[in-house]
Amino acid sequence: MFKQHITYFIFLLGILLFNIFIYLLPIACNYNDDFSIMYSVFGAVCHQIDSRSFHLFGGKLPVCFRCQGIYLAALISTLLYPFLKSFFKNYESPSVLLLLVPVLLMITDILLELTAVYKYISLVKFVTGFSLGFVLPFFILPGLKNFFEEIHINKLQNEYK
Amino acid sequence: MSINKIRIFSIFLSAFVMIFISVMPIISIINLFCCAGIVIGGLIGVFYMDHKTKSINYSISFKDAGIVGALSGILSGIILSIITLAITIITRENPIDAGIKTFEEFGFQLPNEVLNQLQSFSEEYSKYGFSFRIALLNLLGNLIIYPIFGFLGGILAMSFINKKRQKIV
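The shown structure was predicted, so the numbers you read here are calculated from the model rather than taken from an experiment. Within each chain, residues carry numbers counting from 1 in the order of the written sequence. Think of it this way: whatever chain is written first is A, whatever ligand is written first is 1, and the rest follow in order. At least 70 in pLDDT is required for a residue's local features to be given in this predicted model, at least 80 for side-chain atom pairs to be given and counted, and no such filter applies to totals for whole chains, interfaces and linings, which use all residues. With hydrogens and water set aside, each side-chain value is computed from the structure's full complement of heavy atoms.

Caption draft 1: Region of interest: the overall build of chain A. Each helix and strand in chain A was counted, giving 5 helices and 2 strands. Secondary structure follows DSSP: runs of H or I at least 4 residues long count as helices, runs of E at least 2 residues long count as strands, and numbering of each begins at the N terminus. For chain A, the succession of helices and strands along the chain, N to C, is α-α-β-β-α-α-α. Dimensions along the principal axes, computed over C-alpha positions, put chain A at roughly 60 × 40 × 25 Å. Whether a residue is buried, partly exposed or exposed follows from its accessible area with a 1.4 Å probe, protein chains only, as a fraction of its type maximum: under 20%, in between, or over 50%, in that order. Counting across all 161 residues of chain A, residues that qualify as buried make up 40%. Taking all contacts inside chain A whose residues are at least 6 apart in sequence as the whole, residues at least 24 apart take part in 69%. Method for areas: the Shrake-Rupley scheme with a 1.4 Å probe, in which residue coverage is limited to the protein chains shown. Accessible surface for chain A amounts to roughly 8900 Å². Of this, 72% is attributable to carbon and sulfur atoms. Counting rule for charge: Lys and Arg are taken as positive, Asp and Glu as negative, and neither His nor the chain ends is counted. A single reference atom marks each charge: NZ on Lys, CZ on Arg, CG on Asp, CD on Glu. On chain A, the mean spot of the 11 positive side-chain charges and the mean spot of the 9 negative ones are 6 Å from each other. Contacts are assigned to residue pairs with any non-hydrogen atoms lying within 4.5 Å of each other.

This is how it looks when you write it as structure tokens:
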């Protein structure tokens, strides 16, 4: 029997480790500069502009305010997932609209900044990122569950043959 | 077209979109929003696969979507590393020297250990036209990030397709 909660805990562990890594990196760099090379790994995911990133213990986080909002919110919503949804009974993704709203909010923010309606506001970046990060696990977790369930069923079918 | 051909074509299409977004100037900014370009690549590959498989009465699954996303991520990660390396060799650019100069212009004092490390990279660039260690680090980073975000893109696309299927039923 495929255990749905294993998928949940694997995802939770992954996103937890990712967040721990983000917050530990500036602290680790205070002790040993060799860790600074790890910033390049996050460089592929984020612009890492100094003025647009949160600083911790004198060091810059490897991601900007918006990305920080996304990853932190994804962790919080993953933790809350079993309470927000009847997790072990119903494992379906919500309406696409739920994802479109934060995406549109983010695009609007980018356009308003590009057209100089307002200047860079770190709180706005964090909040728009947070809103997207919060809804993402509601789409990813059901997908992951279905993915591993199908692989499990395939494996059982092959064994049966 | 057989299902395997559609799968392979979807992987190539998906990888092409990922590479195009990552390489093109201005457009590549999309990737700075949590690798949105890679996720979009995964989404397009799976939507294409779903569209093509309808004609042969094959219903794609989450397994297909995840595999298409992850494999296109691996493929684009490798190709992109090669493109980056080729551009570095052709242009004979030394990004380390430029980086150190930028730091100095902004008045940052780099610690001696970091400076020594950067100097050794810079020497590699001057000697061979590229740094093997930086190229390897770039490849490893791409091989971690691209398949993960490609896989997520594939899974997301399949969630949308599944939702649409449920509505039809």
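Moving on, there is more to tell.
Caption draft 2: Highlighting the nonpolar core. Core analysis: the biggest nonpolar cluster contains 58 residues, and Tyr71(A), Leu99(A), Phe149(B) and Leu156(B) have the highest contact counts within it. Broken down by element, this core gets its largest block of residues, 11 residues, from helix 6 (residues 132-168) of chain B. The contact partners of Leu156(B), leaving out residues within four places of it in the chain, are Leu99(A), Leu136(A), Phe139(A), Val39(B) and Leu43(B). Throughout, nonpolar core names a set of buried Ala, Val, Leu, Ile, Met, Phe, Trp, Tyr and Cys residues whose side chains join them through atoms within 4.5 Å. By size, the runner-up hydrophobic cluster in this structure holds 5 residues, among which are Ile96(B), Ile100(B), Phe121(B) and Tyr125(B).

Caption draft 3: Seen up close, the confidence of the model for chain A. Scored by pLDDT, chain A has a mean of 84; 94% of the residues are at 70 or more. The pLDDT value tells you how sure the predictor is about a given residue, anywhere from 0 up to 100. Here helix 2 (residues 39-43) of chain A stands out as the least confident element of chain A, with mean pLDDT 76; helix 3 (residues 65-84) of chain A is the most confident, with 91.

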